[in-house]
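The residues making up each chain are set out below.
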Amino acid sequence: MSYAAFFKTHKWDDIIERQYNRVRENVSFGDVYILFDTTHSCADNIPEKYRERVVSINTKDIFFLGLPELGSFWFNGDYSSIIAFTKKPEYEYYCFIEYDVFTNKNIDEIFVKMQEDKIDIIGEDIETPNYNWPHISSCCEYYDDLGKVKKSLFCVGFFSRRALVAFYARRLEQKEICDRLNLDYVPIGEAVMTTEAELSGLTYENLHNFCDNLEYYDWNNGCTEEMISNIGIGETFIHPVYDYEKFVKSNFFMGQTKVSHNIIKKLKHVKDANVFSIAYYMRDNTDEDRENIFNIFKENMSGDYAYLNDEIVSYEKKATQSSFSDYSVSSEEAARALNLIPRNTYSFHTDQEQNPWWLLDLEDEILVKDIYLFDRPDVGGFRSQNLQVLIGEDLENMKVIFENPGQDVLSNVKIPVNAVIRYVKCMVNSYSILHLDTVIVTS
């Protein structure tokens, strides 16, 4: 049996090079190529030692092969596979692995099983119902019953030669339909490859049947390499694998309003308070979600945030403030500063006035150990230059225990108390604005 493994990419950096080498490490008797899309970039920065393994493709190849010239290689994932097949047609089997896949599975074993069981296609079913799938409209006019359209993820895809021939033939038929009906779209590759498996009498299997698990295999919401090193992953593929900045963006800045089970699992390998803040304060989180996130935060971050090692006595107590401003979020916002995890923004916002203040009432006299201050980190830290913290058993006898030594932003500032008190007051001793992130009192 002969097979080729194509590592698909359009760029090159250190992370991508490591992913490529992981593919090579999991191939013994197949040939490994770098399938490089030169449409908008070139392969010049690929190290010389890999150059002989590069197979270049370009959107011009779409025209030369007579394929419908609509959509990109991303939208039509089968196009790059078809083009690679026409450039290297001598193999019985082919696999295609995207540049952001972490490979931890022996690829030879999968192809041996494909040959033994006469399997033509391996992908992973997309479980979203067709009526909710955003790409189902691309199948109109091409398939009679949209309810029977099947779709799969092919971030990692395995194919027999006859499967790729069938895809190519079907795409040529779709070009005729497209031209005849004057359509400006074609079906997305995720649908074509899986639906055609059934229509062409090809044998399809799910990728998870060849792995220990596919817990971290999705179209988005990726992991970092550092996280993977802390996960007992077994023999599997992980997708996508990002640098840290893209990991945060994909998991927490893509419109999510509630943490998923997978995000909570990933948090176990995170040591960044900002990421925990984003996850904790998602709008639709349940109390159970927040409890789970806080427990992970406490386990991961107690070395950096000493308050996590003591009893927090300020949470869900009463707080008031001297005034409100156009930036206030509610009439009850003073209590928003009584957090377990800093918000990474302001929780309350007074108006500009003489000696603006915020007051915490612990509702009873308590032996307090420490107070922790978190100023808003994003802007306006200079307004806390004259910040004072006062404590007392009653409001008539408050004493100053802290004065800002001149820091622009007070972050995770520990103020020893070791006294029985009921009230904590934060006040700017000047004409200013007060807008803190979080105040935590421990016992």
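Student: Looking at this model, I keep getting lost on the packing of aromatic side chains. Mind explaining?
Tutor: Aromatic ring pairs are described here by two measures, namely the spacing of the ring centres and the angle between the planes. Tallied over the entire structure, the rule returns 30 aromatic pairs. Seen from their ring centres, Phe348 and Trp358 are 5.9 Å apart, and the 15° between their planes marks the pair as stacked. On the criterion of sequence distance, the pair formed by Phe348 in the loop between strand E12 (318–321) and strand E13 (353–354) and Trp358 in strand E14 (residues 357–375) is long-range, its members being 10 residues apart. You can call Phe348 buried: its relative accessible area is 0%. The structure contains a cluster of three or more aromatic residues connected by ring pairs, namely Phe6, Tyr33, Phe85, Tyr91, Tyr94, Phe96, Phe154, Phe159 and Phe167.

Student: What is the right way to read the nonpolar core from this model?
Tutor: Nonpolar side chains tend to gather and get buried jointly when the protein is soluble and globular. Counting residues in each nonpolar core, the largest one holds 79 residues, and the members touching the most others are Phe6, Ile107, Ile121, Phe158, Phe159, Leu207 and Phe237. Setting aside its immediate chain neighbours within four residues, Ile121 contacts Met114, Phe154, Phe158, Phe159, Ala163, Phe167, Met193, Ala197, Leu202, Thr203, Tyr204 and Glu205. Judged by nonpolar contacts, the second largest core, of 36 residues, contains Phe247, Phe252, Val270 and Val275.

Student: Would you take a moment to explain the sheet that holds strand E3 (residues 54–57) for this structure?
Tutor: Backbone hydrogen bonds hold the strands of a sheet together, and the pairing may be parallel or antiparallel. Pairing within the open sheet is mixed, and its 7 strands lie in the order E3-E2-E1-E4-E7-E6-E8. The open sheet has two free edges, formed respectively by E3 and strand E8 (204–206), since each of these has just one partner strand. Going from strand to strand, the sheet's axes swing by 30° on average, the running direction of each strand aside. For strand E6 (residues 121–125) and strand E7 (residues 152–160), the ladder comprises 4 bridges, and the chain directions are antiparallel. The partner of Glu124 across the bridge, within E7, is Leu153. Set on the sheet, helix H4 (residues 107–117) makes contact with strand E1 (3–9), strand E4 (93–98), E6 and E7; between it and E4 the angle comes to about 140°.

Student: Would you take a moment to explain a nonpolar patch on the surface for this structure?
Tutor: Residues Met1, Phe29 and Val112 make up a contiguous nonpolar surface patch of roughly 230 Å² in combined accessible area. Judged by its relative accessible area of 33%, Met1 falls in the partly exposed class.

Student: Where do I start with helix H1 (residues 14–25) in this structure?
Tutor: Since the α-helix packs 3.6 residues into each turn, any two residues three or four apart lie on the same face. Between the first and last C-alpha of H1 there are 16 Å, a value that for 12 residues agrees with the 16 Å anticipated at 1.5 Å per step. The backbone nitrogen of Ile15 lies 3.1 Å from a side-chain oxygen of the residue at the head of H1, namely Asp13.

Student: Could you clarify how one ought to interpret the pattern of salt bridges in this entry?
Tutor: Opposite charge on two side chains makes pairing possible when the charged atoms of those side chains draw close. In this structure the tally under the stated criterion is 19 salt bridges. With its nearest N and O atoms 2.9 Å apart, the salt bridge here joins Lys258 to Asp289. Linking Lys258 in the loop between helix H8 (244–252) and helix H9 (261–267) with Asp289 in helix H11 (residues 287–301), this pair joins segments that are 31 residues apart in sequence. Asp378 is the salt-bridge partner of Arg376, the closest N and O atoms lying 2.9 Å from each other.

Analysis parameters
Residues numbered from 1 in each chain as written. Predicted model: local features only at pLDDT ≥ 70, side-chain atom pairs only at ≥ 80, totals over all residues. Heavy atoms only, no water. Phe/Tyr/Trp six-rings, centres within 6.5 Å; stacked < 30°, edge-to-face > 60°. Helix = DSSP H or I, 4+ residues; strand = E, 2+ residues; numbered from the N terminus. Buried < 20%, exposed > 50% of the residue type's maximum accessible area, 1.4 Å probe, protein only. Core = buried A, V, L, I, M, F, W, Y, C linked by side-chain atoms within 4.5 Å. Contact = heavy atoms within 4.5 Å. Pairing = 2+ DSSP bridges. Axes fitted to C-alpha atoms, helices over the stretch in contact; angles between N-to-C directions. Patch = residues over 30% accessible without salt bridge, like charges linked within 9 Å, V, L, I, M, F, W, Y side chains within 5 Å. Areas by Shrake-Rupley, 256 points an atom, 1.4 Å probe, with all protein chains shown as cover. Salt bridge = Lys/Arg side-chain N within 4 Å of Asp/Glu carboxyl O. Expected span 1.5 Å × (residues − 1). Polar contact = N/O pair within 3.5 Å; in protein donor to acceptor, adjacent residues only side chain to side chain.

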